[in-house]
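Here's the letter readout for the chains.
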Amino acid sequence: MATVICADTELHVHLEGSLEPELLCRLDSSLTIAEARALYRFDTFAGFIEAFKAAVRRLQTPEHYAMAADSLFSSLAAQGVRYAEVIFSAGVVEWKGQSLDEVWAALRTASDRAPLTVRWNVDVVRQFGGAPAERVAAWAAAHGGEGIVSFGIGGDETARPAEEFARAVAAAREAGLKFTPHAGETSTAENVWAMVRMGADRIGHGIRAVGDLVLLAELRERGIALEICPTSNVRTGAVPSLAEHPLRALFDAGVLVTLNSDDPAIFECSLGGEFALAREMGFSGAELERIAENARRCAFGV
Ligand SMILES: [Zn+2]
């Protein structure tokens, strides 16, 4: 089916959100498969954050990170994905007291043997604040030539003001990294504006931009793509239902929209599945091909 064939570029997928329940059991032998599946049951954004944290806690060693990466890469390749930008929550590694250098060495080795092209978005956690973000940005800047193409901010976007991260973002940009924050997922268009003012190259989600015509024009004119993840938005309660998802409105407004899986294990979704959903939402084959082409155009790596 054309919807599956064209979905070859994934720009927003979290490594830590890709741990299938079976893999969680291999990482933590005390977990039963039923317990592992139960970790991913939630119906609010706060519940989702807890599920993400439960997965992250099972990544205890560099080898665990490599197992996660190998598993994600083979799953993406099996779906026909040929290029992926994977979000790696470096801020969480530091918070857990693990060695970022050792974890990164394991991930680099995994990327080198991956059956697709992998680039990395190094992510910090918004609720941890500006100081840890600056440390991670300095680390990412020093490793920019190693497949890291961008610096991002994830987590709870209502927790801290965007401006608190200005120094971290400036350091990453100075090192040639792009800036790909999460914004306008659960909060407001104002949060998207704040990240646009800070020089965002793409926006994770950005769906709240839909009610702000001036912002939509800004996104369109500056060619800032939105990394949209419909299943994620429904599962976290960011939108009440697929029927009410603003994907169509954003597309019709001429914004560069892309489709992505976000956290495929937690949300039980896939890139091809998101394209199939968009078809159910009324997108034609030609429109879906445009969305797939947007992802290829807005990818940072080569
Ligand atoms: Zn995300």
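Residues numbered from 1 in each chain as written. Predicted model: local features only at pLDDT ≥ 70, side-chain atom pairs only at ≥ 80, totals over all residues.

(A) Spotlight on the pairing of strand E8 (residues 225-228). Burial along E8 is two-sided: Ala225 and Glu227 and Leu226 and Ile228, pointing in opposite directions, are all buried. Pairing of strand E7 (residues 202-205) with E8, which is carried by three bridges, proceeds in the parallel orientation. In the sheet register, Gly204 faces E8, and the bridge partner there is Glu227. Note that the unit made of E7, helix H11 (residues 213-222) and E8 has a crossover that is right-handed. Pairing analysis gives three bridges linking E8 to strand E9 (residues 257-259), with the strands arranged parallel. (Buried ≥ 20, exposed ≤ 12 C-beta atoms within 10 Å, placed from the backbone. Helix = DSSP H or I, 4+ residues; strand = E, 2+ residues; numbered from the N terminus. Pairing = 2+ DSSP bridges. Right-handed = clockwise from strand over helix to strand, strands pointing away.)

(B) Representation of the sheet that holds strand E3 (residues 117-125) within the structure. On the basis of which strands lie adjacent, the open sheet formed by five strands has the order E1-E2-E3-E4-E5 and parallel pairing. Of all the strands in the sheet, the pair left with one neighbour each is strand E1 (9-14) and strand E5 (178-179). Across two bridges, the pairing between strand E4 (residues 148-154) and E5 is parallel. Counterpart to Phe151 in the pairing with E5 is Phe179.

(C) Expanded view of the packing of helix H5 (residues 62-78) against helix H7 (residues 100-112). Closest axis-to-axis distance for the H5/H7 pair is 8 Å, and the angle between their directions is 30°. Our classification of the angle between H5 and H7 gives roughly parallel. Here H5 and H7 pass one another in a crossing that is right-handed. Contacts between H5 and H7 involve Pro62, Glu63, Tyr65, Ala66, Ala69, Asp70 and Phe73 on the former and, on the latter, Glu102, Val103, Ala105, Ala106, Leu107, Thr109, Ala110 and Ser111. Grouping the constituent residues of the contact of H5 with H7 by class yields ten nonpolar, two polar and three charged. (Axes fitted to C-alpha atoms, helices over the stretch in contact; angles between N-to-C directions. Parallel < 35°, antiparallel > 145°, perpendicular 65-115°, else oblique. Left-handed = near helix turned anticlockwise from the far one by under 90°. Contact = placed C-beta atoms within 7 Å. Nonpolar A, V, L, I, M, F, W, Y, C, P; charged D, E, K, R; others polar.)

(D) Main features of helix H4 (residues 45-57). Helix length check: H4, at 13 residues, gives a terminal C-alpha distance of 18 Å against a target of 18 Å (1.5 Å per residue), a fit within 8%. Among all positions of H4, only Phe48, Ala51, Phe52, Ala54 and Ala55 are buried. Down the axis of H4, the buried set is contained in an arc of 155°. They therefore lie on one face. Turned more than 90 degrees away from the buried face of H4, the exposed residues are Ala46, Glu50 and Lys53. (Expected span 1.5 Å × (residues − 1). Arc of directions from axis to C-beta.)

(E) Inspection of helix H8 (residues 130-142) at higher detail. Helix length check: H8 (13 residues) gives 18 Å between terminal C-alpha atoms against 18 Å at 1.5 Å per residue, within 8%. When we look at burial in H8, the residues that qualify are Ala133, Glu134, Val136, Ala137 and Ala140. Its buried side turned inward, H8 meets helix H6 (90-95), E3, E4 and helix H9 (166-174).

(F) The sheet that holds strand E6 (residues 182-183), seen in detail. A sheet is described by the order of its strands in space; here four strands give the open sequence E6-E7-E8-E9, paired in parallel fashion. Edge positions in the sheet fall to E6 and E9, since each has one partner strand and no second. Contacts from helix H16 (residues 285-298) reach E7, E8 and E9, with the element oriented near 100° to E9.

(G) Focus on the nonpolar core. Among the nonpolar cores identified, the biggest contains 95 residues, and Val86, Ala140, Ala172 and Val257 are the most heavily contacted of them. Counting residues per element, this core draws most heavily on H5, which supplies six residues. If we ignore the near neighbours within four places in the chain, the residues touching Ala172 are Ala137, Ala140, Ala141, Phe151, Leu177 and Phe179. (Core = buried A, V, L, I, M, F, W, Y, C linked by C-beta atoms within 7 Å.)

(H) Highlighting the pairing of E1. The buried fraction of E1 is high, at six of six residues. As paired elements, E1 and strand E2 (residues 83-88) share four bridges and run parallel to each other. In the strand pairing of E2, Val13 is matched with Val86.

(I) Local environment of the packing of H8 against H9. Relative to each other, H8 and H9 sit at 5°, their axes nearing to 8 Å. Here H8 lies roughly parallel to H9, going by the angle between them. Along its contact with H8, which presents Gly130, Ala133, Glu134, Ala137, Ala138, Ala140 and Ala141, the element H9 presents Arg167, Ala168, Ala171 and Ala172. Looking at the contact of H8 with H9, its residues break down into eight nonpolar, one polar and two charged.

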